[in-house]
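Okay, here's what each chain looks like letter by letter:
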Amino acid sequence: MPWDRNQMAERAAQELEDGMYVNLGIGIPTLVANYVGDKDITLQSENGMLGMGPFPFEGEEDPDLINAGKQTITELPRTAYFDSATSFGMIRGGKIAAAILGAMEVSEKGDLANWMIPGKLVKGMGGAMDLVAGVGRVVVVMDHTNKHGESKVLKECTLPLTGKAVVDRIITNLGVLDVTHKGLHIVELAPGVTREEMIASTEATIV
Amino acid sequence: MKKVYANAAEALDGVLFDGMLIAAGGFGLCGIPELLIAAIRDAGTKDLTIASNNAGVDDFGLGVLLQTKQVKKMMSSYVGENAEFMRQYLSGELELEFNPQGTLAERMRAGGSGIPGFYTRTGVGTVIAEGKEHKDFNGETYILEEGIFADLSIVKAWKADTTGNLVFRKTSRNFNPPAAMCGKVCIVEVEEIVEPGELDPDNIHLPGVYVHRIVQGEHEKRIEQRTTRKKEDA
């Protein structure tokens, strides 16, 4: 059985190590926070916060306290607030150890496309281009194929890029792939998924 | 040195002109200068270029200036929450310059710090890099981005003293300090104005040197995505 959304998030949480400062994207990456367990992880929200806490209890929402998805959140004893220029200074400056992000397409060279579909509604890249260019390690979590069953792991991205050669690791419902100089390397397969199935579902080169 | 004005309209008196560049603070609807936006709507200033991370929603934030068609161009990183924005953009009435969020913040900070340009890795190999100078440092390629020098900054803080020293609250700080820095004139709206000495000098988030005019008022502070958990989940 391939992994479901929560199992992908649980697998992605294994990428995090004690003491890391981490930025989680919107969608499945947000679920990763549910699986960090006892690890000492500090979550960054790029609108200006380190030490992001859980959602508030009903009636305790504060309009001055939101995450980068504009959701109401809470602070923790370790929380620090800062402005957007400082926030992206720590991102661009490599102080954030890892970002876990969703994607529309990833190439075997580590190119990432996750912000724009030409001809469709363009909302903007937000902080995604800064994150992939700046953080120590970029882990993509996404479904292996799109709703038409086509591979999202490609030789070359077809959509406009968010970053070139920026992705280190890809976690999909089928397993875990690393971007290497020679091509994609299978690190792990989801339970019941064979190497042949992974290769058949992947347009990119698997070595 | 009188910085405190009675209301947003008076604070804007004499600084608005058609075709001007305005830098606005805020992230989503959090920490936006809602009183100054409303006063600019009432003033009817046209052909505005606005540097702001987002464009508000249809009936709140910068969305109100889109409704009245006062905006010619937006410089933003994410504009997904605004149907009127999309309508005007797709029909060609509104120009849009996408900036990566960190690049936009740094362009404002740089402009306010007397830095006309800086190199960044953000956007290299993407459409953002097209037409921009590329330069290698230590084997890595960077692109040149330019500082923003705005005619006017409109920002929201929590508290100001009468000399313009500012304190922000939680994540409503966001783009407000860099936006405040990059304007020739900076007008701040606050929830509370206090006397000098009442704010801890060690805890001033933005010194009053950047702030020219201050106005106090009531803020709606609308929540965009109200997200909660149940007590029994804790």
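None of these values were measured; they are calculated from a predicted model.

This part covers the overall build of chain B. Of the regular secondary structure elements, chain B holds six helices and 12 strands. In terms of C-alpha radius of gyration, chain B reaches 18 Å, essentially the compact-globule figure of 17 Å for 234 residues. When its C-alpha atoms are laid out on the principal axes, chain B stretches across 55 × 50 × 40 Å. Buried positions account for 54% of the 234 residues belonging to chain B. Taking the contacts inside chain B whose residues are at least 6 apart along the sequence as the reference set, 72% of them involve residues at least 24 apart. When the accessible area of chain B is evaluated, it comes to approximately 9700 Å², of which 46% is carbon and sulfur surface. Separation of charge centres in chain B, based on 26 positive and 34 negative side chains, amounts to 2 Å.

Counting residues in each nonpolar core, the largest one holds 54 residues, and the members touching the most others are Leu112(A) and Ile170(A). Met116(A), Leu66(B), Met74(B) and Ile154(B) belong to the second largest nonpolar core, which has 38 residues in total.

Bringing the sheet that holds strand S2 (residues 42–45) of chain A into the picture now. Residue and element names in this part refer to chain A. Taking strand neighbours across the sheet as the criterion, the nine strands line up as S4-S3-S2-S1-S5-S8-S10-S11-S12 in an open arrangement whose pairing is mixed. Both edges of this open sheet fall to strand S4 (75–81) and strand S12 (183–189), since each of them pairs with a single strand only. Across the sheet, the axes of successive neighbouring strands diverge by a mean angle of 25°, strand direction being ignored.

Relative to the helices and strands, Asn47(A) is located in the loop between S2 and strand S3 (49–52). Residue class for Asn47(A) comes out buried when judged on its relative accessible area of 0%. Only 3.3 Å separates the side chain of Asn47(A) from the backbone nitrogen of Ala68(A), close enough to count as a polar contact. Filtering out sequence-adjacent residues up to four positions away, Asn47(A) remains in contact with Ile66(A), Asn67(A), Ala68(A), Phe82(A), Ser84(A), Ser87(A), Phe27(B), Thr171(B) and Asn174(B).

Criteria and cut-off values
Position numbers for residues start from 1 in each chain and track the written sequence from start to end. Each chain takes a letter, starting from A, and each ligand takes a number, starting from 1, following the order in which they are written. Restriction of local features to residues with pLDDT of at least 70 applies here, the model being predicted, together with a cutoff of 80 or more for giving and counting side-chain atom pairs; totals for whole chains, interfaces and linings are based on all residues. The basis for every side-chain value is the complete set of non-hydrogen atoms in the structure, without hydrogens or water. Helix and strand definitions follow DSSP, with helices as H or I runs of at least four residues and strands as E runs of at least two, each counted in order from the N terminus. Here the globule rule reads 2.2 Å times residues to the power 0.38, and the radius of gyration is calculated from C-alpha atoms. Working definition: with a 1.4 Å probe on protein chains only, accessible area under 20% of the residue-type maximum means buried, over 50% means exposed, and in between means partly exposed. Any two residues whose heavy atoms approach within 4.5 Å are treated as being in contact. In these tables, accessible area is a Shrake-Rupley quantity obtained with a 1.4 Å probe, and a residue counts as shielded only by the protein chains included in the view. In this tally Asp and Glu are treated as negative and Lys and Arg as positive; neither His nor the chain ends contributes. Every charge is mapped to an atom, namely NZ of Lys, CZ of Arg, CG of Asp or CD of Glu. We call a set of buried Ala, Val, Leu, Ile, Met, Phe, Trp, Tyr and Cys residues a nonpolar core when their side-chain atoms join them within 4.5 Å. Any two strands with at least two DSSP bridges between them are considered paired. Axis definition: a line fitted to C-alpha atoms, limited for helices to the stretch in contact. Angles are taken between N-to-C directions and run from 0 to 180 degrees. Distance and chemistry together define a polar contact, namely a pair of N or O atoms within 3.5 Å, with one atom able to donate a hydrogen and the other to accept it when in protein, and with adjacent residues in sequence counting only for side-chain atoms on both sides.

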